[in-house]
Amino acid sequence: MNTPQPANIFRSAPAAPDKEQFTTLLEQQEVKIERIVSFGQRTPDGEWLQQETGEWVMVLAGTAQLSFEGEPRPLNLAAGDYLYIPALARHRVERTDNRNKTVWLAVHVRGRQKSPARGDAVIETVKVIRSSRRRRTVTARFEATTMEVRVPHTISEAKLKEIIAGFTGKLQRKLLKKQLNARHDLAQVAAALNKQYFNGALKLNRIEYVTDQFSKFGCCDYRARAIRVAHHVAEMPVWVRDYVLIHELAHLVQPDHSPAFWALVNRYRHAERARGYLLAKGYELNDERQQE
Ligand SMILES: [Zn+2]
């Protein structure tokens, strides 16, 4: 056996690549580790990246800005910052450093995804209808396992592929949302937590799982008294899910993250441990940017 030799992630990185450089460092059945070197590259305007598998990514050098669909503000990443991009999350690289290279370490985790990582949407057939009368509009219709997509006849294959992926993802998220809310009675769990931690004093109008929040785990609309819980929370241990619910329920009393708010949340026995869990998963603990 040859003795394993160390390699250095920075040494062989090109100084100023004119396009993003991807190098696979390790590839095994369920995991792929990759180095990405960027130099000012960004996702083109109007385009989103979406992957079938989750990706854990860390900036080792340089800076970047990443945004998720539906989120008002992009996330700034500097050396040492890492986060997890869940499967199917639509995201884009808004910016990478254009004076120095940005070196990323990406870990792609494949397979063994327990349901409900995605909806049961099974599209077996994609029918593409190219219309010469259409200039821009793109529509999709679903019937059982068939998706019918109508596009302008001038559309490129690459664009078409992206459109199909977009529609498929949307359908999957819609179905997943339905499944999750049918399978889990969040209102019942919230009622029990309300009783245990808030003397049953909270008035909550609506609580549901949603599938369009990727970088946070929940949000609370104080005025509508409605709570939205991100779908990935359904896959977390129950004590973490309960922490997320208590956090959001406490916002019905304290809309901000004031000391009074944390005093309410910290009455939960596993609060500290749950925060550690969420941090390790790469979630921000200040779940909301600005709440209306
Ligand atoms: Zn919060």
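This is a predicted model, so every value here is computed, not measured. (Residues numbered from 1 in each chain as written. Predicted model: local features only at pLDDT ≥ 70, side-chain atom pairs only at ≥ 80, totals over all residues. Heavy atoms only, no water.)

Another aspect to go through is the domain arrangement of the protein chain. One can read the domain layout of the protein chain as domain 1 (21-109), domain 2 (125-180) and domain 3 (186-280). With nine residues of domain 1 at the contact, the number on the domain 3 side is seven residues. Between domain 1 and domain 3 lies a buried interface of about 550 Å² when both sides are counted; carbon and sulfur atoms form 55% of it. The interface formed by domain 1 and domain 3 includes zero salt bridges. Run the count over domain 1 and domain 3 and you get zero residue pairs in polar contact (both at pLDDT 80 or more). Tallied by class, the residues present in the side of domain 1 that touches domain 3 amount to six nonpolar, no polar and three charged. (Domains from an automatic or database assignment. Contact = heavy atoms within 4.5 Å. Buried area = accessible area lost by both parts, 1.4 Å probe. Salt bridge = Lys/Arg side-chain N within 4 Å of Asp/Glu carboxyl O. Polar contact = N/O pair within 3.5 Å; in protein donor to acceptor, adjacent residues only side chain to side chain. Nonpolar A, V, L, I, M, F, W, Y, C, P; charged D, E, K, R; others polar.)

On to the sheet that holds strand 9 (residues 125-131), then. As summarised here, the arrangement of the three strands in space is 9-11-10, forming an open sheet in which the pairing is mixed. Of all strands in the sheet, those bounded by a partner on one side alone are strand 9 and strand 10 (139-143). Geometrically, the sheet is characterised by an average inter-axis angle of 20° between neighbouring strands, direction not taken into account. As paired strands, strand 9 and strand 11 (residues 146-152) are joined by seven bridges and run parallel to one another. Its bridge partner lying in strand 11, threonine 125 is registered against threonine 146. (Pairing = 2+ DSSP bridges. Helix = DSSP H or I, 4+ residues; strand = E, 2+ residues; numbered from the N terminus. Axes fitted to C-alpha atoms, helices over the stretch in contact; angles between N-to-C directions.)

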